[in-house]
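# Coordinates in review
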Amino acid sequence: MRSDKHVPYLFLAPALLGLVLFRLYPIFLALWESLFVTGFGPAGGRSFVGLENFQFLFEDFVFWRSVKATAILTIIINPVQIALALGLALLLQRKSRNIRLIRSLFLLPIGVALPIATVIWGLMLNPNQGLINGMLDVIGVSPQPFLTSEAQAIWAIVLIATWKGVAFWMLFLLAGLEDIPKSLYEAIRVDGANWFGRLRYVTMPLLRRTLLFVLVADTAANFVLIVPMIILTQGGPRQTTNVLMYEAYRSGFIFQDFGRSMAIVTLLTAITLAVIALQVLVLGDRRGQDK
């Protein structure tokens, strides 16, 4: 057994191989392809242009509109999803007779594929015959444009992504809550702490690692959110939902400008890593202070 010190690495090899093939290799491939431009016409072919694709991006107002749309979406959707996921986790942590049934109902969105959920929500948000406007009409509210409105389209995307994602992130937070020793709650309750005190001094400090993971994973997932844009908005109206991932898709698969598409993907990856690193740094410092 002493000679089998490499056995653990053999067990890790499939996961590491998958990480290299499906995560790291596409990143380096995107960076490499961003240095080329694809020719058009009968000649076709590729030409090495170095960093020209990035230079053109920085001078392109459409790219900066996509950066703005991505920033707005991220700033809105991340706090909304995490706050709702945490609230549901705290609610469903309580013991009751029908808690398993209630948990199952909240977990139903996980079983619905995002494209299917997007189509269903698209029908519900239809400004003419949608269910949502029908319900608003019952309470005397005038019909809303939703996905066809510059002001409301981004909120409609947030609604769709939140409905689909909150239950998934709630699972991680619920697992983190269940891992907190009940003896700590008993001790602080004896000291006279109310619910808010228990939340502040026990739940949140001990849940910080789980919250960090959820925040990082949710940020990465929302940066590459593209399905609702492809199916419902096509980046509109007036590019208000034309996030960077959709602009990369549009450049590559609609306009066949793969160099520009890969440059956008490379920059999006860099932005995502920078934001995640900042989140880890900030929350890591807080954990250090707690110690």
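Heads up: these notes are all about the structure in this document.

Quick notes on the rules
- Residues numbered from 1 in each chain as written.
- Predicted model: local features only at pLDDT ≥ 70, side-chain atom pairs only at ≥ 80, totals over all residues.
- Heavy atoms only, no water.
- Helix = DSSP H or I, 4+ residues; strand = E, 2+ residues; numbered from the N terminus.
- Buried < 20%, exposed > 50% of the residue type's maximum accessible area, 1.4 Å probe, protein only.
- Contact = heavy atoms within 4.5 Å.
- Areas by Shrake-Rupley, 256 points an atom, 1.4 Å probe, with all protein chains shown as cover.
- Lys, Arg positive; Asp, Glu negative; His and termini not counted.
- Charge placed at Lys NZ, Arg CZ, Asp CG, Glu CD.
- Core = buried A, V, L, I, M, F, W, Y, C linked by side-chain atoms within 4.5 Å.
- Expected span 1.5 Å × (residues − 1).
- Bend = angle between axes of the 7 residues up to and from the residue.
- Polar contact = N/O pair within 3.5 Å; in protein donor to acceptor, adjacent residues only side chain to side chain.
- Axes fitted to C-alpha atoms, helices over the stretch in contact; angles between N-to-C directions.
- Parallel < 35°, antiparallel > 145°, perpendicular 65-115°, else oblique.
- Left-handed = near helix turned anticlockwise from the far one by under 90°.

## A closer look at the overall build of the protein
Helix and strand counts for the protein stand at twelve helices and two strands. Tracing the protein from N to C terminus, the helices and strands come up as α-β-β-α-α-α-α-α-α-α-α-α-α-α. Dimensions of the protein, computed from the C-alpha atoms along their principal axes, are close to 80 × 75 × 35 Å. Per-residue burial over the protein gives 39% buried out of 291 residues. Taking as baseline every contact in the protein between residues at least 6 positions apart, the subset at least 24 positions apart corresponds to 65%. Here the protein has roughly 17,600 Å² of accessible surface; of this, 69% comes from carbon and sulfur atoms. Of the side chains in the protein, 24 bear a positive and 16 a negative charge, and the two mean positions are spaced by 10 Å.

## Examining the nonpolar core
If you look at the biggest cluster of nonpolar residues, it comprises 23 residues, and the most contacted ones within it are A85, A89, M170, L173, L177 and L207. Of all the secondary structure elements, the ones that give two or more residues to this core are α3 (61–93), α7 (153–178), α8 (182–190) and α9 (195–223). Per element, the largest residue contribution to this core is seven residues, and it comes from α3. Every residue in contact with A89, bar those within four places of it in the chain, is listed here: M170, L173, L174 and L177. Residues A69, L136, I154 and V158 belong to the second largest nonpolar core, which totals 22 residues.

## A look at the side chain of T74
Here T74 lies in helix α3. For T74, a relative accessible area of 12% gives the class buried. What T74 contacts, discounting residues up to four positions off in sequence, is P79 and F223.

## Things to note about helix α1 (residues 7–33)
A rise of 1.5 Å per residue sets the reference length of α1, with its 27 residues, at 39 Å; its end C-alpha atoms lie 37 Å apart and thus fit the reference within 8%. Helix geometry: α1 is bent most strongly at A13, by close to 45 degrees, with proline P14 lying one to four residues after it.

## Details of the side chain of T203
As for its placement among the helices and strands, T203 is situated in helix α9. Here the side chain of T203 touches Y185 through a polar contact of 2.7 Å, side chain to side chain. With near-sequence residues (within four places) excluded, T203 lies in contact with L90, L177, I180, Y185 and R198.

## Here we look at the packing of α3 against helix α4 (residues 99–106)
Two numbers describe how α3 lies on α4: the axes approach to 10 Å, and their chain directions differ by 160 degrees. In terms of orientation, α3 and α4 fall into the roughly antiparallel class. The two elements α3 and α4 cross, and the hand of that crossing is left-handed. On α4, the residues touching L88, L92 and Q93 of α3 are I99, I102, R103 and F106.

Nothing here speaks to function; it is geometry throughout.
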